[in-house]
Amino acid sequence: MKARPAVAPDVSLGWIRRLAPMIARHRLLLGVSLIAALIALGTQVAVPAVIAAAIDTALVDQTAPIWGFVVILVALGIGRAIFAATYRYGLYKLAFDVETDLRSNLYRHLTRLSFSFYDRIQSGQVISRANADIRSVQMFLAFAPLIALSVLSFFLALGVMLTIDLKLTLLAVAPLPGVYLLGRVLRDRVFPLTWISQARLADLATVVDENINGVRVVKSFAAEKRQLDALARTAQRVRWANTTTADTRARYAPLMENLPRLGQVAVLGFGGWQVINGSLMIGDLVAFNIYIAMIQVPFRLLGFVLLLAQRARASAERIYEVLDTPPAIVDAPDAVPLIDPRGAVEFDDVRFAYTHPDGEKGPAVLDGLTLSLAPGERIALVGATGSGKSTVARLLPRFYDVDHGSIRIDGSDVRKVTLDSLRSAVGVVLDEPFLFSCSVAENIAFGRPEASREEIAAAASAAQADGFITALPAGYDTIVGERGLTLSGGQRQRIAIARMLLANPPVLVLDDATSAIDVAVEAAIHDSLETLLEGRTTLIIAHRMSTIALADRVALIEGGRIVATGTHAELMATEDRYRALLAHIDEAPRELADTPGVAAVVPPPPPGGLPGGMGGVML
Ligand SMILES: Nc1ncnc2c1ncn2[C@@H]1O[C@H](COP(=O)(O)OP(=O)(O)OP(=O)(O)O)[C@@H](O)[C@H]1O
Ligand SMILES: [Mg+2]
């Protein structure tokens, strides 16, 4: 795809100026549209003048034949239709193209932003807000030129009217300030209401969305009645906003419609009297009547376009705010790729704190953490919940940067190597595996889309996922998440492990990667992991004895630092804290496994059959 132009990076420019690079791409289209618009406008203003001439010369004086005027009028009509279609098409296309450019810019930027951005902001909200904002910019871009044209037509029509009769023109113009003022009143009363009603509709959507997504929780607490009441209350508030809007509109809109008619009545009265006593031609009066309609348009629309402009500006500024947020984590200017890493990993006096949504640094999660892994070594990281284990896992592939100290792979600081090479070298299986709604095979091959079916299947069977995948309705081609096909937590984890194995990185981080997997299956995975982990540096974040057993050494994390390292046996012998911790953590998963629905997730590896139970595959 062709690279799309970006928003002008200079933040001191006005919001429209910053869009200029996107508009400039369509210079030709814009030029053609504007010329077509001017021609269409000319024909529009010419029509009443021709009608006036036709009435006065062909009908009243009978000095010229009528058919000549008919031909001219038809030609003007056709010309107007063609040019109006051209400029409208051009301007709308321009607005939609800018919308598309803006959208792709924004989404591309969103994919570049770091974890820390998404900690601050709800991703669902980002997307819906971005969509609404892009829409309002697009609306303005589509309407603003049309309204500018109507202003131009006002002046043209006014000019022609002045050449006909000054007093009549003044009469026709007199009610226009009133139209404008009424338009403003209407806008000031109605638009806050439409905003309220939009906000309330969004509230309603949220309530509905939560109830549908959380339907299992709602039902399991028998809270349907309470939730329905909440929904009814929200719906009631939407109703109030909408009826009040309708009420206000009903009061002001007819006034606004009819005020200009007063001018028309006055013009017809005074103009008719002039025609009767012979000081005005009848044709001019007819033409005048048509121009009156033309000059009102901008007065009615002015309020609307000012509002659109306000909204578009606010929206554009919100979009720019995202676009102007630099990704916190980028390649250093002198970054070099990590080539064929052996996998020596060192955490050296690392300090790290998360940044809170308000921009303040939170308390240090890691403080003085030092740990090194020799190439090929497997270390289990053990610690209480909230002790910072997952944080360690996130720092290694540079999802966040350390505040102090450093992390090195093969002696190179992770901040000095390219992100691409770093992240291909470090494979992470996070505690909450995410699957895309594409086929199981594509999910496994996410890190290596070119992998063959055999390689995918080999990775899946190493992760003990082959059995349940082949039992799915379409096997490896089953689409995840389609028609209610949900996978259990343990199945997701196994797919995530297969995904990571296929990517084949020299350094692995397994964050609770097998926590939702049944002990028997876990043991089978461990058997295959034993060989697969051979030669890879692995940091295993473990909550279970069985997982700890995979490691050569155990590191105990407490208070943000490693307080002890050694083999499991050594730590059991010397570390009270380790023994105490194991006494706790090894109970938790067992309790979990006793809960129906969690234990039922994965019965022993299914040789073909679907795992049953409520946590299994639901079809
Ligand atoms: N994105 C975040 N923003 C702010 N604080 C966070 C974030 N993630 C984790 N924390 C905080 O950092 C601390 C360490 O969290 P971390 O997830 O590393 O713990 P953990 O050892 O993995 O715990 P668990 O065993 O429960 O998975 C916790 O106090 C947590 O509240
Ligand atoms: Mg964790």
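Everything numeric in this text was worked out from a predicted model, so none of it was measured.

S.K.: Please explain the overall build of the chain as it appears in this structure.
M.R.: Secondary structure assignment for the chain yields 21 helices and 10 strands. For a compact globule of 619 residues, the expected C-alpha radius of gyration is about 25 Å, and the chain comes in at 36 Å, more than 25% above that figure. Across its three principal directions, the C-alpha atoms of the chain cover 120 × 60 × 45 Å. Counting over 619 residues, the chain shows a buried share of 31%.

S.K.: Could you clarify how one ought to interpret the site of ligand 1 in this entry?
M.R.: The environment of ligand 1 is formed by Asp-119, Tyr-354, Gly-362, Val-365, Gly-383, Thr-385, Gly-386, Ser-387, Gly-388, Lys-389, Ser-390 and Thr-391. The dominant element in the shell around ligand 1, judged by the number of residues it contributes, is helix 11 (residues 389-395), at three residues. Taken together, the residues of the shell around ligand 1 sort by class into two nonpolar, eight polar and two charged.

S.K.: Just to check I follow, could you spell out the domain arrangement of the chain for this structure?
M.R.: Many descriptions give the size of an interface as the accessible area lost when the pieces come together. Annotation of the chain at the domain level lists domain 1 (15-165 + 280-323) and domain 2 (345-432 + 506-601). Each of domain 1 and domain 2 has a C-alpha centre, and these two points are 60 Å apart. At the junction of the two partners, domain 1 supplies four residues and domain 2 supplies six residues. Grouping the constituent residues of the side of domain 1 that touches domain 2 by class yields one nonpolar, one polar and two charged.

S.K.: I keep staring at the sheet that holds strand 1 (residues 345-355) and nothing clicks. Help me out?
M.R.: Taken together, four strands build an open sheet; the order of strands is 2-1-4-5 and the sheet is antiparallel. Only two strands of the sheet have a single partner each, and these edge strands are strand 2 (361-373) and strand 5 (412-413).

S.K.: Whenever I open this one, the sheet that holds strand 7 (residues 507-511) confuses me. Can you help?
M.R.: Ordered in space as 6-7-8-3-9-10, the six strands form an open sheet in which the pairing is mixed. Edge positions in the sheet fall to strand 6 (426-429) and strand 10 (561-566), since each has one partner strand and no second. Between one strand axis and the next, the sheet turns by 20° as a mean value, whatever way the strands run. Relative to strand 8 (residues 537-541), strand 7 runs parallel, the two sharing five bridges. The partner of Val-507 across the bridge, within strand 8, is Thr-537. In the packing of helix 16 (residues 489-503) onto the sheet, the strands contacted are strand 6 and strand 7, and the crossing angle to strand 6 comes to about 175°.

S.K.: Explain the nonpolar core here, please?
M.R.: As a rule of thumb, nonpolar side chains are buried together in soluble globular proteins. Leu-381, Ile-444, Ala-459, Ala-460, Ala-463 and Ala-498 are the most contacted members of the largest nonpolar core, which has 68 residues in total. Looking at this core, the element that brings in the most residues is helix 16, giving seven residues. For Ala-463, the contacting residues outside a window of four places in its chain are Arg-494, Ile-497, Ala-498, Leu-501 and Ile-525. Ranked by size, the runner-up nonpolar core spans 26 residues in total, among them Ala-37, Ala-95, Ala-316 and Tyr-320.

S.K.: It is not clear to me how the environment of Val-173 should be interpreted in this structure. Could you clarify?
M.R.: Considering the arrangement of structural elements, one finds Val-173 in helix 6 (residues 166-173). Overall, the presence of 17 C-beta atoms within 10 Å leaves Val-173 in the partly exposed class. When the C-alpha atoms of Val-173 and Leu-158 are compared, they prove to be 8.9 Å apart, with 15 residues separating the residues in sequence.

S.K.: Sorry if this is basic, but what is going on with the packing of helix 2 (residues 27-61) against helix 3 (residues 66-112) here?
M.R.: A packed helix pair is summarised by two numbers, namely the angle formed by the two axes and the spacing between the axes. Viewed as axis vectors pointing N to C, helix 2 and helix 3 meet at an angle of 155°, and their least axial separation amounts to 7 Å. Classed by the angle they form, the pair helix 2 and helix 3 counts as roughly antiparallel. As for the relative orientation of helix 2 and helix 3, their crossing is left-handed in sense. Across the contact of helix 2 with helix 3, the residue classes break down as 23 nonpolar, six polar and two charged.

S.K.: Explain the environment of Arg-112 here, please?
M.R.: Topologically, Arg-112 is positioned in helix 3. Judged by C-beta crowding, with 13 C-beta atoms within 10 Å, Arg-112 ranks as partly exposed.

S.K.: Just to check I follow, could you spell out helix 17 (residues 519-532) for this structure?
M.R.: Each turn of an α-helix holds 3.6 residues, which means side chains three or four residues apart point in the same direction. Relative to the 20 Å expected for 14 residues at 1.5 Å per residue, helix 17 spans 19 Å between its end C-alpha atoms, a close match to the ideal helical length. Among the residues of helix 17, those classed as buried are Val-521, Glu-522, Ile-525 and Leu-529. Across the axial projection of helix 17, the buried residues extend over an arc of 95°, all falling on one side. Exposed and facing more than 90 degrees away from the buried side of helix 17 are Asp-527, Glu-530 and Thr-531.

S.K.: I keep staring at the packing of helix 9 (residues 224-276) against helix 10 (residues 282-323) and nothing clicks. Help me out?
M.R.: Interhelical geometry of helix 9 versus helix 10 gives an angle of 165° and a closest axis separation of 10 Å. For the element pair helix 9 / helix 10, the angle class is roughly antiparallel. Considering the relative orientation of helix 9 and helix 10, their crossing is right-handed. From helix 9, Pro-260, Gly-263, Gln-264, Val-267, Gly-271, Gly-272 and Val-275 reach across to helix 10, where they touch Ile-282, Leu-285, Phe-288, Asn-289, Ile-292 and Gln-296.

S.K.: How do you make sense of unusual backbone geometry when you look at a structure like this?
M.R.: A negative phi angle characterises most non-glycine residues, just as the trans form characterises most peptide bonds. Located in the positive-phi region is Asp-349, a residue other than glycine, with phi close to 50°. Within the secondary structure, Asp-349 sits in strand 1. Residue Asp-349 is classed as partly exposed on the basis of its C-beta count, with 14 C-beta atoms lying within 10 Å. At Asp-410, a residue that is not glycine, the phi angle is positive and equals roughly 50°. Among the structural elements, Asp-410 can be located in the loop between strand 4 (404-409) and strand 5. Judged by the 18 C-beta atoms lying within 10 Å of it, Asp-410 is partly exposed.

S.K.: Hey, could you run me through helix 7 (residues 176-213) in this one?
M.R.: For helix 7, built from 38 residues, the straight-helix expectation of 56 Å at 1.5 Å per residue is met to within 8% by its first-to-last C-alpha distance of 53 Å. The largest bend in helix 7 is about 25°, located at Val-190, with the proline Pro-192 one to four residues further on. Along helix 7, the positions that sit buried rather than exposed are Val-179, Leu-182, Gly-183, Leu-186 and Val-190. As for helix 7, its buried residues are in contact with helix 9 and helix 10.

S.K.: Would you mind going over the pairing of strand 9 (residues 553-558) with me for this structure?
M.R.: Successive residues of a regular strand alternate their side chains across the two faces of the sheet. Here strand 3 (residues 378-383) runs beside strand 9; their pairing, made up of five bridges, is parallel. Directly across from Ala-380, in strand 9, lies its bridge partner Val-554. Here strand 9 pairs with strand 10 via five bridges, running antiparallel. Considered in strand 10, the bridge of Leu-556 is made with Ala-564. Linking two consecutive strands that pair antiparallel, namely strand 9 and strand 10, is a turn of two residues; a positive phi of about 60° is found at Gly-559 within it.

Scoring rules and cut-offs
- Each residue is numbered by its place in its chain's sequence as written, counting from 1.
- To label them, take the chains in the order written and letter them from A, then take the ligands in the order written and number them from 1.
- Thresholds applied to this predicted model are a pLDDT of at least 70 for local features of residues and 80 or more for the giving and counting of side-chain atom pairs; totals over whole chains, interfaces and linings are not thresholded and use all residues.
- The numbering of helices and of strands both runs from the N terminus, where a helix is a DSSP run of H or I of at least 4 residues and a strand a run of E of at least 2.
- Every radius of gyration here is taken over C-alpha atoms, with the globule rule written as 2.2 Å times N^0.38, N being the number of residues.
- Three exposure classes are used, based on other C-beta atoms lying within 10 Å of a residue's own C-beta, which is placed from the backbone: buried for 20 or more, exposed for 12 or fewer, and partly exposed in between.
- Using a C-beta atom placed from the backbone, a residue is described as near a molecule or strand when that atom lies within 6 Å of it.
- Residue type decides the class: Asp, Glu, Lys and Arg count as charged, Ala, Val, Leu, Ile, Met, Phe, Trp, Tyr, Cys and Pro as nonpolar, and the leftover types, Gly among them, as polar.
- Where each domain begins and ends follows an automated or database-derived domain assignment.
- Each residue gets a C-beta atom placed from its backbone, and two residues are in contact if those atoms lie within 7 Å.
- Here the rule is simple: two strands pair whenever DSSP picks up at least two bridges between them.
- For helices, the axis comes from a line fit to the C-alpha atoms of the stretch in contact; other axes are also lines fit to C-alpha atoms, and the angle between any two N-to-C directions lies between 0 and 180 degrees.
- Note on terminology: a nonpolar core is any set of buried Ala, Val, Leu, Ile, Met, Phe, Trp, Tyr and Cys residues joined through C-beta atoms within 7 Å.
- By the definition adopted for this analysis, an angle is roughly parallel if under 35 degrees, roughly antiparallel if over 145, roughly perpendicular if from 65 to 115, and oblique otherwise.
- Crossings are classed by handedness, with left-handed meaning an anticlockwise turn of the near helix from the far one by less than a right angle and right-handed meaning a clockwise turn.
- Every helix has an expected span of 1.5 Å times one less than the residues it contains.
- Throughout, the arc means the angular range of directions from the helix axis out to the C-beta atoms.
- Throughout, bend refers to the angle between the axes fitted to the seven residues that end at a position and the seven residues that start at it.

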